[in-house]
Structures are given as structure tokens and as C-alpha cells.
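Structure at a glance
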Amino acid sequence: MMEARADFLHRPHLRLTVPDVLKSRLAAIGIASGVLGGIVLALPLLLWDWANGQHSALEYPMAVSAWLFGLNHFEQNGYVAWAIVVGALFLALYYALSGLAFAAIADRVYRVRTLLGSLALGALWSFFSWMTFWYMILPIAREGAPFKLTAAGLWVAPNWIWILGYTVFGLATGLAYWALGHQKAEAPARHMTGTAAAARS
């Protein structure tokens, strides 16, 4: 009996399958959390630009393309269709990578399991993401234009809108991480039980 149990626990497919499920689940939660947080980040920018007569509502994704490929692809009070689409794709990738990093830190470093812990880490993530974006990434090209006001005279929104956006970004990412993780908390256990039952049969 003991030999059969030891043989069952050391079967290769069990050692490989369970960690893979955990990793893929964590990655899915991280990507979804980051994208949801990014949508929340974009809302204050979209609403401010929409309410301001000198701006257009979709300047945020358009600014991404302009920052990458040239300010001539940005319209202060208009739309450049391809720049909006390409910029939105880059933003989705940025949010997904941010969510992956957040999930890895939350799960592997701090072992966050509670709502309060997720929100606390989200608040720290807000500050870290803002500082990284505003002071490390943006200065790489065009002095940060058109995300922030420079000599070029093009800008998406005032600084306080960006700060608000990144504040809710981290909190929304943390909340989404907790909600998605809490919802699927029993999935790995169910998978392990199903695998064990299949192996016995």
C-alpha cells in the first residue's frame, strides 16, 4: 500500500501538471487585473478630455503613438484613427505586463490573500507605477510630450488628472487581483482532485 502511494505521488505527469496550472492561473489573473486597472486609469483622462473643448476624448491612446513615432501623429482637438488603434494596443500590452508583475509580487513575494492586503499593495503599486511612468519612461523621448506639457505645446491632461488616474489604477488592479483570485481559489484543488481520481482509475 505504501509503495503504491509513493509511486502515485512521484508520477511525472503530476509533478508537471499542477505547477503549470498554478502558473497559468496566476498569469491569467495578473493580465486581467492589469487590463482592468488600465481601463480605470484611462477613465479620468477620457472624461477630462471629453469635457474640455480644447481636447478630444481619445487623446490618451493617440499620445502613445505620437510619443513613439512622432508628434505629427497627435491631434490636440481631433483624431488620427491609426494612431488611436496602435496606441490602444500598446496600452493593453503595458497594462498586461503591469498586471503580471503585480500578480507575481503579490503571490510570490508578499503572499497577499486578503482584500486589505491587495488594496495596500495596490496603493504602493500606484506610487511605483506613477513614478516609473512619469519620471523614468516618459523622459526617454520628446521630453514626455504629448503626455505632459512641454515646449511643443501639446498635452493630454494636467498633472493632477494623471495622479488621480494612477491612484485608482493601482487600487483597481489590487481589487481585481483579489476578486479574481478569490473567485478561483479552489480551482487548483479541484484540478488536483480530478487528476488524482483519473490516476487511480
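Heads up: the structure comes first, above all this text.
The structure presented is a predicted model; accordingly, all values stated were derived computationally and were not measured. (Residues numbered from 1 in each chain as written. Predicted model: local features only at pLDDT ≥ 70, side-chain atom pairs only at ≥ 80, totals over all residues. Heavy atoms only, no water.)

As a further point, take a nonpolar patch on the surface. Together, I31, L68, F69, W82, F90, L93, L97 and L100 line one region of the surface with nonpolar side chains, adding up to about 710 Å² of accessible area. Among the elements of the structure, α3 (59–69) and α4 (81–109) are those that each provide at least two residues to the nonpolar patch. By the element assignment, L100 lies in helix α4. (Patch = residues over 30% accessible without salt bridge, like charges linked within 9 Å, V, L, I, M, F, W, Y side chains within 5 Å. Areas by Shrake-Rupley, 256 points an atom, 1.4 Å probe, with all protein chains shown as cover. Salt bridge = Lys/Arg side-chain N within 4 Å of Asp/Glu carboxyl O. Helix = DSSP H or I, 4+ residues; strand = E, 2+ residues; numbered from the N terminus.)

This part is about the packing of α3 against α4. Two elements in contact, α3 and α4, have axes whose closest approach is 7 Å; the angle formed by their N-to-C orientations is 90°. Between α3 and α4, the angle falls in the class roughly perpendicular. Residues Y60, P61, M62, V64, S65, L68 and F69 of α3 touch α4, and the partners they reach there are W82, A83, I84, V86, G87, A88, F90, L91 and Y95. Of the residues in the contact of α3 with α4, the class split is 14 nonpolar, two polar and no charged. (Axes fitted to C-alpha atoms, helices over the stretch in contact; angles between N-to-C directions. Parallel < 35°, antiparallel > 145°, perpendicular 65-115°, else oblique. Contact = heavy atoms within 4.5 Å. Nonpolar A, V, L, I, M, F, W, Y, C, P; charged D, E, K, R; others polar.)

Turning to the pattern of salt bridges, a few remarks are in order. If you walk through the whole model with that rule in mind, you get two salt bridges. In this structure, R108 and D107 form a salt bridge, with 3.2 Å as the shortest nitrogen-oxygen distance. Taking the relative accessible area as the measure of exposure, R108 reaches 44% and is therefore partly exposed. Here R113 and D107 are joined by a salt bridge, their closest N and O atoms 3.4 Å apart. For D107, a relative accessible area of 12% translates into the label buried. Within this structure, D107, R108 and R113 form a network of salt bridges that share partners. (Buried < 20%, exposed > 50% of the residue type's maximum accessible area, 1.4 Å probe, protein only.)

Function cannot be read off these values alone, since they describe shape.
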